[in-house]
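Structural description and commentary
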Amino acid sequence: MALPNMNPLVIDQLIVVMSSVFMDCFSADEQDVIGNFFATLGSMLSLNSSYILLQQSQNEILNQDDKTEADSQYDLLEKSIDKMKEEIEKMKNNKH
C-alpha cells in the first residue's frame, strides 16, 4: 500500500489538532489511556518496521552472496572449459 507523500508540517499540525480535540472531549484519565494506546501502537509499528527492514537487508546480503558464489562458479567453469580446449588443441597438434 502506497502512502501519500505528505509534508511533515501537515502531519505535525494534524497531531496538534487531534490532541486539542482529545483534550477538550476526554478527562485526564481517559486522555492517559488514549495516549498510552497510541504510544503502544506506535511502538509496535516501529518494532515491526525495524524487523521487516532487518529481514530485507539480510535477504539482500544473501542474494549478493548467492550472486557472488554463482559468478565465481561460472568463472571457474569457464576457466576449466578454456583449459580443456587448450589441452584438446595440444593433443591435436601432437597427433600430427
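For the structure itself, consult the block above.
Attention here is on the structure that accompanies the text. Bear in mind the structure is a predicted one, so any value in this text is a computation, not a measurement.

Conventions used here
- Residues numbered from 1 in each chain as written.
- Predicted model: local features only at pLDDT ≥ 70, side-chain atom pairs only at ≥ 80, totals over all residues.
- Heavy atoms only, no water.
- Helix = DSSP H or I, 4+ residues; strand = E, 2+ residues; numbered from the N terminus.
- Buried < 20%, exposed > 50% of the residue type's maximum accessible area, 1.4 Å probe, protein only.
- Areas by Shrake-Rupley, 256 points an atom, 1.4 Å probe, with all protein chains shown as cover.
- Salt bridge = Lys/Arg side-chain N within 4 Å of Asp/Glu carboxyl O.
- Phe/Tyr/Trp six-rings, centres within 6.5 Å; stacked < 30°, edge-to-face > 60°.

1. Describing the overall build of the chain
Counting its regular elements, the chain contains two helices and zero strands. In the chain, buried positions account for 1% of the 96 residues. In the form shown here, the chain has an accessible surface area of approximately 9,100 Å², with 62% of it arising from carbon and sulfur atoms.

2. A look at the pattern of salt bridges
Where charged atoms from two side chains of opposite charge approach closely, those side chains can pair. This structure, assessed with the given rule, holds two salt bridges. Glutamate 87 is the salt-bridge partner of lysine 90, the closest N and O atoms lying 3.7 Å from each other. Here glutamate 87 and lysine 90 lie together in helix H2 (residues 28-95), a separation of three residues that amounts to about one turn. Lysine 90 gets classed as partly exposed once you look at its relative accessible area, which sits at 46%.

3. Re the packing of aromatic side chains
This structure, assessed with the given rule, holds three aromatic pairs. Their ring planes at 25° and their centres at 6.2 Å tell us that phenylalanine 22 and phenylalanine 38 sit as a pair that is stacked. Remark: phenylalanine 38 occurs in helix H2 and phenylalanine 22 occurs in helix H1 (residues 8-25); sequence separation between them is 16 residues. Classification of phenylalanine 22 by relative accessible area gives partly exposed; the value is 26%. Since its relative accessible area comes to 41%, phenylalanine 38 is described here as partly exposed.

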